[in-house]
Amino acid sequence: METAILFDQKIDIAKEWRTEALEGSSRSAIIQTLEKKYRIHSRKRSFSCQCCSQQVILVLREESPHFRHEGKRCPSADNYEKYIRRVNKQESIQIHRVGRAILRTYLEGQVKTHGVLLEDGYMYRSVLHIVPDYILVFPSGEKWAIDYVTGSREDESYNNYIQKRTAAYKAAGFTPYYFIDASWIAKVPNRSMISLYLAESQMKVHSSIDEDWSEFVNEFMETFGESFVFREMFGVNHFNHNDKSSSVVQKYKVFSLAYVDPTEGKTWIQRFTPSNNKFGYSIYCAAIPLEKAVSLSKEGDEFQWWADDESEAMRECLNRLSIKYQHNAKQNSELFQSQNHIDSQLMIAATSTKHTYEVKSALGSVVDPSSLIDIITNDMPVELAQEIIENLRVNKFRLSKQSIEEIRHKARLVMGPIRNPNPISPGLRQAMIELALL
Ligand SMILES: [Zn+2]
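The structure reproduced in this document is the subject of the present report. The structure displayed is predicted, hence computed values, not measured ones. (Residues numbered from 1 in each chain as written. Predicted model: local features only at pLDDT ≥ 70, side-chain atom pairs only at ≥ 80, totals over all residues. Heavy atoms only, no water.)

**Quick word on the sheet that holds strand β10 (residues 187-188)**
Stage number 1. Spatially, nine strands are ordered β6-β7-β8-β9-β12-β13-β14-β11-β10 in an open sheet, and the strand pairing comes out mixed. Each of the sheet's edge strands pairs with one partner strand only, and the pair in question is β6 (117-120) and β10.
Stage number 2. Here four bridges tie β6 to strand β7 (residues 134-137), and the two strands are oriented antiparallel to one another. Along β7, the bridge assignment pairs Leu118 with Leu136.
Stage number 3. Against the sheet, helix α5 (residues 156-171) contacts β8 (143-149) and β9 (174-181), and its axis sits at roughly 150 degrees relative to β9. (Pairing = 2+ DSSP bridges. Helix = DSSP H or I, 4+ residues; strand = E, 2+ residues; numbered from the N terminus. Contact = heavy atoms within 4.5 Å. Axes fitted to C-alpha atoms, helices over the stretch in contact; angles between N-to-C directions.)

Right under this line is the structure:
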C-alpha cells in the first residue's frame, strides 16, 4: 500500500513522490531524496502496516511507490494489489492519479465537518471483490464508495465492468458515487440532448433535486402536451410515441451524472431523462465548484449535486414554455379570445372583492382547499386567478401534496384538453398554466 506507520506518523509515499515531481525533480532525484529519507528505517523494519501492524518494506518504483508485506499478507495488502491492477488496466493512469489526489484533498476537507472519515479503498479491513478509490465511513456506520472515472470507455468490457463494480459495491454494503472525468461530456448539436456510453447510464443517480425536476417535467408534459415539450424544450420534432394512447402521459424520471475537472476545480451536474441507453434529453446542466460537489447536504444523506439557483431555472423554463404555448394558442383561437377578454373585464369589477375574501378563508383552512377549487372556473376573472396564485405561492408549504395536486388538476380542467383547448382568455390561460405548474 501507499501508506505505512513510522512510530506515530502516517507516511504516504505516493503523495511524497507526487509532491517532489510537481516541484520538477527528475525520477532519479526523487528516488535519491526518498531513499535518503526513509531507506534506513525500512532496513531497520521500522515501518508497519496500518491494517495488520506487520512490518512492511519500502519499494520505490515510478508506477507505484509503495510498502510491501514480507510475511503473511493482510486484507489491505490484497486489496491494494487488486486496486493497482484495476487502475492500471481500466483507467487513464496519469489523469487518474493526479485527479484522484486532488479529489481526496477536496473530499477530506468537506466531509470531516459531518464526522465522516475518508479512507483509501484498499485500506478496508476485509477483502473486497472490487476496490474503490475511496471509502467514506459515516458515524452511523453507513459507507460510500467514491470513484474517479477516467477509463477506456469506448470498450464494451468497460461498460460491463462498471455494472459489475456497482453490483460489487452494493454487495459489500457501499453506496456508489462516481465522479466522471469531464472529457466524457457529449452534447448533441442542435438538440438539447446528450450522448451516453452504456457505462454512464449505469452510473446515473436520482437525487432529491432530480426528484423535483421529475415532478416539474411531468407537469410540463401534462399541461403542454408531450409533443410541444419535446419540440420546445429538447428541439426534437419527431416525437411520436404511441400517439393513440395520448391521454395517458408516460411518467418521466430525471437522473443526474457528475462530471469533474479536478485540476480546474470544476463540476457539471448534468440532469437528463433517458431516451434509451445511448441518449438522454438534457433537462439542465448545473456548473458548480468541485468543492460544492464533494460537500454533503445538510442532512448528510447525499452530495450537494445542485446549483443554488435551480428553482429559478425551473421558473425560467416554465416562463419560456408558457410564452411559446400562449403564442401557439393565440393563433388558434383569435376570435374567442377578444370576446372573452371583454367578458372577463366586466366580471372583475363585480366579483373581485367578494372572491378575495373567499380565497383568503379557503387558504386559511388549509385542510380543506375544496372551496378554492370551486372558485377556479372557466369564467373567473383573471385578476382573481392571479391573486390565488400569489396566495398559493406564499402558502404552498402549508398545503398537502394532495391538495396541490387537486388545484393543479382543476387548472388543467379549465384549460381543457391540449388538442382542443377551452375558449378562455389569454390572461386566464396564462394564469391556469401557472396554477397547473404550481
Ligand atoms: Zn497489513
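**Some words on the pairing of strand β4 (residues 56-59)**
Stage number 1. Bridge count between β4 and strand β5 (residues 66-69): four bridges; the pairing is antiparallel. Bridge pairing in β5 places Leu58 opposite Phe67.
Stage number 2. Counting the residues that bridge the hairpin from β4 to β5 gives six residues.

**Re the sheet that holds strand β2 (residues 9-12)**
Stage number 1. The strand order across the open sheet built from three strands is β2-β1-β3, with neighbouring strands paired in antiparallel fashion. Edge positions in the open sheet fall to β2 and β3 (47-48), since each of these has one partner strand only.
Stage number 2. For strand β1 (residues 3-6) and β3, the ladder comprises two bridges, and the chain directions are antiparallel. Following the sheet pairing, Leu6 is matched in β3 by Phe47.

**Considering the coordination of the zinc ion**
Stage number 1. Around the zinc ion, the protein supplies Cys49 (SG), Cys52 (SG), His69 (NE2) and Cys74 (SG) as donor atoms, at distances of 2.1 to 2.3 Å.
Stage number 2. The sequence pattern formed by the donor residues of the zinc ion is C-x2-C-x16-H-x4-C. Taken together, the residues span a long stretch of sequence, with Cys52 in the loop between β3 and β4 and His69 in strand β5 at a distance of 17 residues. (Donors = N, O, S within 2.8 Å, 3.2 Å for Na, K, Ca; no water.)

**Looking at the packing of aromatic side chains**
Stage number 1. Tallied over the entire structure, the rule returns 25 aromatic pairs.
Stage number 2. Among the aromatic residues, those joined into a cluster by ring pairs are Trp213, Phe216, Phe220, Phe224, Phe228, Tyr284 and Tyr325. (Phe/Tyr/Trp six-rings, centres within 6.5 Å; stacked < 30°, edge-to-face > 60°.)

**Describing the state of the cysteines**
Stage number 1. Counting across every chain of the model gives zero disulfides.
Stage number 2. Unpaired in this structure, Cys51 has its nearest cysteine sulfur neighbour in Cys74, at a distance of 3.9 Å. (Disulfide = S-S within 2.5 Å.)

**Remarks on the pattern of salt bridges**
Stage number 1. Inspection of the entire model under this criterion finds 27 salt bridges.
Stage number 2. A salt bridge links Arg408 to Glu219, with the nearest nitrogen and oxygen atoms 3.0 Å apart. Highlighted residues: Arg408 in helix α14 (residues 401-415) and Glu219 in helix α7 (residues 208-224), separated in sequence by 189 residues. No difference in accessibility class separates Arg408 from Glu219, as the two residues are buried. (Salt bridge = Lys/Arg side-chain N within 4 Å of Asp/Glu carboxyl O. Buried < 20%, exposed > 50% of the residue type's maximum accessible area, 1.4 Å probe, protein only.)

**Digging into the pairing of β1**
Stage number 1. Looking at chain direction, β1 and β2 are connected through four bridges and run antiparallel. Looking at β2, one finds that Ile5 is bridged to Lys10.
Stage number 2. Here β1 folds back onto β2 in antiparallel fashion, the turn holding two residues, of which Phe7 has a positive phi close to 55 degrees.

**Observations concerning unusual backbone geometry**
Stage number 1. Located in the positive-phi region is Arg45, a residue other than glycine, with phi close to 55 degrees.
Stage number 2. With a relative accessible area of 34%, Arg45 lands in the partly exposed category.
Stage number 3. Look at Asn190: it is not a glycine, yet its phi comes out positive at around 65 degrees.
Stage number 4. Among the secondary structure elements, Asn190 is positioned in the loop between β10 and β11 (193-195).
Stage number 5. Judged by its relative accessible area of 73%, Asn190 is exposed.

**Some remarks on the nonpolar core**
Stage number 1. Core analysis: the biggest nonpolar cluster contains 52 residues, and Phe220, Phe224, Met233, Met380, Ile388, Met432 and Leu435 have the highest contact counts within it.
Stage number 2. Where this core is concerned, the elements lending two or more residues are α7, α8 (226-234), β14 (279-289), α10 (310-332), α12 (370-375), α13 (382-395), α14 and α15 (426-436).
Stage number 3. In this structure Met432 touches Ile376, Met380, Ala385, Ala411, Val414, Met415 and Ile424, once residues within four positions along its chain are discounted.
Stage number 4. Counting residues in hydrophobic clusters, the runner-up holds 49 residues, among them Ala4, Leu60, Val87 and Ile162. (Core = buried A, V, L, I, M, F, W, Y, C linked by side-chain atoms within 4.5 Å.)

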